Amino acid sequence: STAQIRHLLRNIFNLMPGFDENEAQMAVRETEEGIQRALHEGVTVALTPRSASLRRLQHRVVSRHHMIAESIGNEPRRHLVIYPHAEALHSAAT
């Protein structure tokens, strides 16, 4: 929910002073949209390349939805990929 995301962001900002709140909110919004797309369309969703700290934030959002994501690529193009449930379960089983 939106309230949970705000709470998560507040907790993270306390852990990472000087964090750009707007950039973090954009990263969370993109992650939420990617999660919905993976769930409803059953597709793997590649997100925009982000810094390591923002990717950690994105991983937390994905894990709260009980989904699987991984960071792929090399800096500065390293980014998160969110897997739909069926593919995630298949990958975890093999």
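Residues numbered from 1 in each chain as written. Predicted model: local features only at pLDDT ≥ 70, side-chain atom pairs only at ≥ 80, totals over all residues. Heavy atoms only, no water.

Caption draft 1: Here's a closer look at the environment of Val 61. Note on placement: Val 61 falls in helix H3 (residues 52-64). Taking the C-alpha atoms as reference points, Val 61 and Arg 29, separated by 32 residues in sequence, lie 9.9 Å from one another. The residues contacting Val 61, other than those within four sequence positions of it, are Leu 8, Val 28, Thr 31, Glu 32 and Ile 35. (Helix = DSSP H or I, 4+ residues; strand = E, 2+ residues; numbered from the N terminus. Contact = heavy atoms within 4.5 Å.)

Caption draft 2: Focus on the sheet that holds strand S2 (residues 68-72). Strand order in the open sheet made by the three strands is S1-S3-S2, with antiparallel pairing throughout. The open sheet has two edge strands with one neighbour each: strand S1 (45-46) and S2. Relative to strand S3 (residues 79-83), S2 is paired through five bridges, and the arrangement is antiparallel. Note on S3: the bridge partner recorded for Ile 72 is His 79. Of the strands in this sheet, S1 and S3 touch helix H2 (residues 21-41), which is tilted by about 30 degrees from S3. (Pairing = 2+ DSSP bridges. Axes fitted to C-alpha atoms, helices over the stretch in contact; angles between N-to-C directions.)

Caption draft 3: Layout of the pairing of S3. Where burial is concerned, most of S3 is hidden: five out of the five residues are buried. Covered by surrounding structure in S3 are His 79, Val 81 and Tyr 83 together with Leu 80 and Ile 82, the residues of both alternating faces. With two bridges connecting them, S1 and S3 associate as antiparallel partners. Each residue of the ladder has a partner; that of Ala 46, found in S3, is Val 81. Hairpin connection, S2 to S3: the antiparallel pair is bridged by six residues, and Gly 73 has positive phi, about 90 degrees. (Buried < 20%, exposed > 50% of the residue type's maximum accessible area, 1.4 Å probe, protein only.)

Caption draft 4: Quick peek at the nonpolar core. Of all hydrophobic cores here, the largest spans 18 residues; its most connected members are Leu 9, Val 28, Ile 35, Leu 57, Val 62, Met 67 and Ile 82. Mapped by element, the contributors of at least two residues to this core are helix H1 (2-15), H2, H3 and S3. Here this core gets five residues from one element, more than from any other, and that element is H2. Not counting residues up to four positions away in its chain, the partners in contact with Val 62 are Thr 31, Ile 35, Met 67, Ile 68, Ala 69, Leu 80 and Ile 82. (Core = buried A, V, L, I, M, F, W, Y, C linked by side-chain atoms within 4.5 Å.)

Caption draft 5: Local environment of the environment of Gly 73. Note on placement: Gly 73 falls in the loop between S2 and S3. Between the C-alpha atoms of Gly 73 and Pro 49, which are 24 residues apart in sequence, the distance is 8.9 Å.

Caption draft 6: Spotlight on the confidence of the model for the protein. Chain-level statistics for the protein give a pLDDT mean of 83 and a share of 80% at 70 or above. Here helix H4 (residues 85-93) is the element of the protein with the lowest mean pLDDT, 51, and S1 is the one with the highest, 98. (pLDDT = per-residue confidence, 0-100.)

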